[in-house]
Amino acid sequence: MTAVHVPGIPVIEDGRLISTNPATGEEAGRFRVATPDDVTRAVDRARPAGDWWAGLGFTGRRERLLRWRGLLARRIEELAQLMHVEGGKPVPDAVVEILTAIEHVDWAARNAGRVLGPRRVRSRLILAEFTGHLEYQPYGVVGVIGPWNYPVLTPIGSTGYALAAGNAVVFKPSEYTPAVGQWLVDSFAEVVPEQPVLTAVHGLGDVGAALCRSGVGKLAFTGSTATARKVMAACAESLTPVLLEAGGKDAMIVDADADLDAAAEACVWGGLTNAGQTCIGIERVYAVEPVFDAFVGKVVARAERLTVGAEAADIGPITMPGQLDVIRRHIDDALASGGRAVLGGADAVRPPYVHPTVLVDVPESSAAVREETFGPTLTINRVPDADEAVRRANALPYGLGGAVFGRKRAVAIARRLRSGMASINSTLTFAGMSTLPFGGVGDSGFGRIHGEDGLREFGRAKSITRRRARSLLPSTTFERTAADVARLVKAAKLMYGRR
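Treat the numbers as computed from the prediction; the structure is a model and nothing was measured.

Rules used in this analysis
Residues numbered from 1 in each chain as written. Predicted model: local features only at pLDDT ≥ 70, side-chain atom pairs only at ≥ 80, totals over all residues. Heavy atoms only, no water. Patch = residues over 30% accessible without salt bridge, like charges linked within 9 Å, V, L, I, M, F, W, Y side chains within 5 Å. Areas by Shrake-Rupley, 256 points an atom, 1.4 Å probe, with all protein chains shown as cover. Salt bridge = Lys/Arg side-chain N within 4 Å of Asp/Glu carboxyl O. Helix = DSSP H or I, 4+ residues; strand = E, 2+ residues; numbered from the N terminus. Pairing = 2+ DSSP bridges. Contact = heavy atoms within 4.5 Å. Axes fitted to C-alpha atoms, helices over the stretch in contact; angles between N-to-C directions. Phe/Tyr/Trp six-rings, centres within 6.5 Å; stacked < 30°, edge-to-face > 60°. Buried < 20%, exposed > 50% of the residue type's maximum accessible area, 1.4 Å probe, protein only. Core = buried A, V, L, I, M, F, W, Y, C linked by side-chain atoms within 4.5 Å. Expected span 1.5 Å × (residues − 1). Polar contact = N/O pair within 3.5 Å; in protein donor to acceptor, adjacent residues only side chain to side chain.

Focus: a nonpolar patch on the surface
Next up, step 1: On the surface, L494, M495 and Y496 cluster together into a nonpolar patch covering about 340 Å² of accessible area.
Next up, step 2: Inspection of the secondary structure assignment puts L494 in helix 16 (residues 482-496).

Following this line, the structure appears as structure tokens:
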């Protein structure tokens, strides 16, 4: 029997995963579904490939990764169009995403040797006769489970850094965007044809679970908090280390001395880009009383100008059709609990689209405030001061990113946010800054991609000591004498005993 194809819903037919556009139903591709044995074989093939890749050294890997970067740049329009066809993402948004990913590949390739390569570490008094050396060795094979909302940037945030560190990667793209994932793998194979250094396995959640249990050296996951818990539990069976970037409910704080025009512009971008389907998207806004009304007016004026549709629109379809029910529930609950829609509202959900919606005076107990919505909606609530804004922003278990608009106190406020990242007088910018680590706290996960910390996530720290001279204060030997111990005590008192 032939399966019924609902636009955007992944379908498995005759052992093939079929991917379709959520708005038009246009088919983006068909991919063989991996069995658990297939996943194991992929990891087994990746091990010698990883050894070969690591053997190229930092210089050899840098040259290959920069060639991949160049290929991505030359084919940016092709990849952006595929992202639009498969996930419905507006082409301009896709271009920005790819550009950001290219920057990360470039930075990781150029800096891996400096960050992870062998270096000397100074010793201290107790082992002054030794030198210390530190390096970061690859795990061998890293498993990456990617999301559908940013199918290029987010996987490359793990994959690019893992490759730069010397690992092979087995990548399980989201079942909603397998075509984009396979495109990345195929393009890499063009510049690294010798070995299966980067491969893909396709399927539903069971394929991701098989990857967790496949014997990879480490697994990097991006997705919902609920799925992150399942991934961590599966990896715990074999003590496989994990890097988890989970859900978010990011808040933006608008202080009294903020530039309201800039704040409104950034708020609309941070909350509504990619149809609000952004883990670090602004979903909650707290504006202090003196500027609340003016700020809301400016947000509405900008948001109501946005166009919605399949082609040449600012906001495309909701990629995962099931999310429409979540968005509708959150809007309805906010209105039923006393909130007001100053833009959009109850009729904003028009499958497969959701029109921009701005809700005000929404109770903090509402689902629209407490749960991840993942749609083009914003709740904006008034607060008496920035202290109350921080308290509310930190009240949820999530802690991914956040934003602060203001002048005098903006930095101090940003530091108080319980989050892995924060931006001041901008939104989402930390995702594109390749020199900064990216990741969350609490229910938003742990571990970091991007930057130096992101490179270190994909290498095991290896410490080496080497004797360079005879011990003047022998301690780690049974040959030490009572006089040696007395000298150790005297040295310790001289060095550390002062108040």
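Remarks on the sheet that holds strand 8 (residues 198-200)
Next up, step 1: Pairing is mixed across the open sheet formed by six strands, whose spatial order is 8-7-6-9-10-20. The open sheet has two free edges, formed respectively by strand 8 and strand 20 (445-446), since each of these has just one partner strand.
Next up, step 2: With two bridges joining them, strand 10 (residues 242-245) and strand 20 adopt antiparallel strand pairing. The partner of E245 across the bridge, within strand 20, is G445.
Next up, step 3: The sheet contacts of helix 7 (residues 205-212) involve strand 6 (141-145), strand 7 (168-172) and strand 9 (218-222), and relative to strand 6 the element is tilted by about 155°.

Some words on the packing of aromatic side chains
Next up, step 1: Tallied over the entire structure, the rule returns seven aromatic pairs.
Next up, step 2: Relative to W53, the ring of W52 has its centre 6.4 Å away and its plane inclined at 35°; by these criteria the two rings are tilted.
Next up, step 3: The class for W52 is partly exposed, based on a relative accessible area of 24%.
Next up, step 4: Judged by its relative accessible area of 0%, W53 falls in the buried class.

Details of the nonpolar core
Side chains of a nonpolar character, in soluble globular proteins, are inclined to be buried together.
Next up, step 1: W68, L72, L79, V152, F188, I280 and L455 are the most contacted members of the largest nonpolar core, which totals 64 residues.
Next up, step 2: Ranked by the residues each element gives to this core, the list is headed by helix 4 (residues 91-116), at eleven residues.
Next up, step 3: Those residues in contact with I280, other than ones at most four positions away along the chain, are D250, L400, M421, L428, F430, A431 and F438.
Next up, step 4: Of all hydrophobic cores here, the second largest spans 55 residues; its members include A264, V288, V404 and I413.

Comments concerning the sheet that holds strand 2 (residues 16-20)
Next up, step 1: Read across the sheet, three strands follow the order 1-2-3 without closing on themselves; strand pairing throughout is antiparallel. A strand with exactly one partner marks an edge of an open sheet, and here the two such strands are strand 1 (11-13) and strand 3 (27-32). With direction set aside, neighbouring strand axes in the sheet form an average angle of 30°.
Next up, step 2: Pairing analysis gives three bridges linking strand 1 to strand 2, with the strands arranged antiparallel. Bridge pairing in strand 2 links V11 to I18.

So, unusual backbone geometry
Next up, step 1: With an omega dihedral of 5°, the bond running from P351 to P352 counts as a cis peptide bond.
Next up, step 2: Mapping P352 onto the fold places it in the loop between strand 14 (349-350) and strand 15 (353-354).
Next up, step 3: One non-glycine residue, A275, adopts positive backbone phi at about 55°.
Next up, step 4: Relative to the assigned elements, A275 resides in the loop between helix 9 (260-272) and strand 12 (282-288).

As for helix 8 (residues 225-236)
The periodicity of an α-helix, 3.6 residues per turn, causes residues three or four places apart in sequence to face the same way.
Next up, step 1: Along its twelve residues, helix 8 runs 16 Å from first to last C-alpha, staying within 8% of the 16 Å computed at 1.5 Å per residue.
Next up, step 2: Within the sequence span of helix 8, burial applies to T225, A228, V231, A234 and C235.

Remarks on the environment of W53
Next up, step 1: Its place among the elements puts W53 in helix 1 (residues 36-55).
Next up, step 2: Sequence separation between W53 and A165 is 112 residues, and the spatial gap between their C-alpha atoms is 9.7 Å.
Next up, step 3: Ignoring any residue separated from it by four or fewer positions in sequence, one finds W53 in contact with R61, R64, L65, L163, G166, N167, F188, V192 and V197.
Next up, step 4: Here the side chain of W53 touches L163 through a polar contact of 2.8 Å, landing on its backbone oxygen.

Some details on the pattern of salt bridges
Next up, step 1: Taken as a whole, this structure holds 34 salt bridges when the rule is applied.
Next up, step 2: Two residues, R30 and E13, come together in a salt bridge whose shortest N-O distance is 3.7 Å. With R30 in strand 3 and E13 in strand 1, this pair connects stretches of sequence that are 17 residues apart.
Next up, step 3: By relative accessible area, R30 is classed as partly exposed at 39%.
Next up, step 4: For E13, a relative accessible area of 12% puts it in the buried group.
Next up, step 5: Close ionic contact of D106 with R110 constitutes a salt bridge, the shortest N to O distance being 3.0 Å. Residue D106 and its partner R110 are both found in helix 4; the two are separated by four residues, about one turn of the helix.
Next up, step 6: When its relative accessible area of 39% is taken as the criterion, R110 is described as partly exposed.
Next up, step 7: A single salt-bridge network, built from bridges that share partners, covers E289, D293, R340, D361 and R382.

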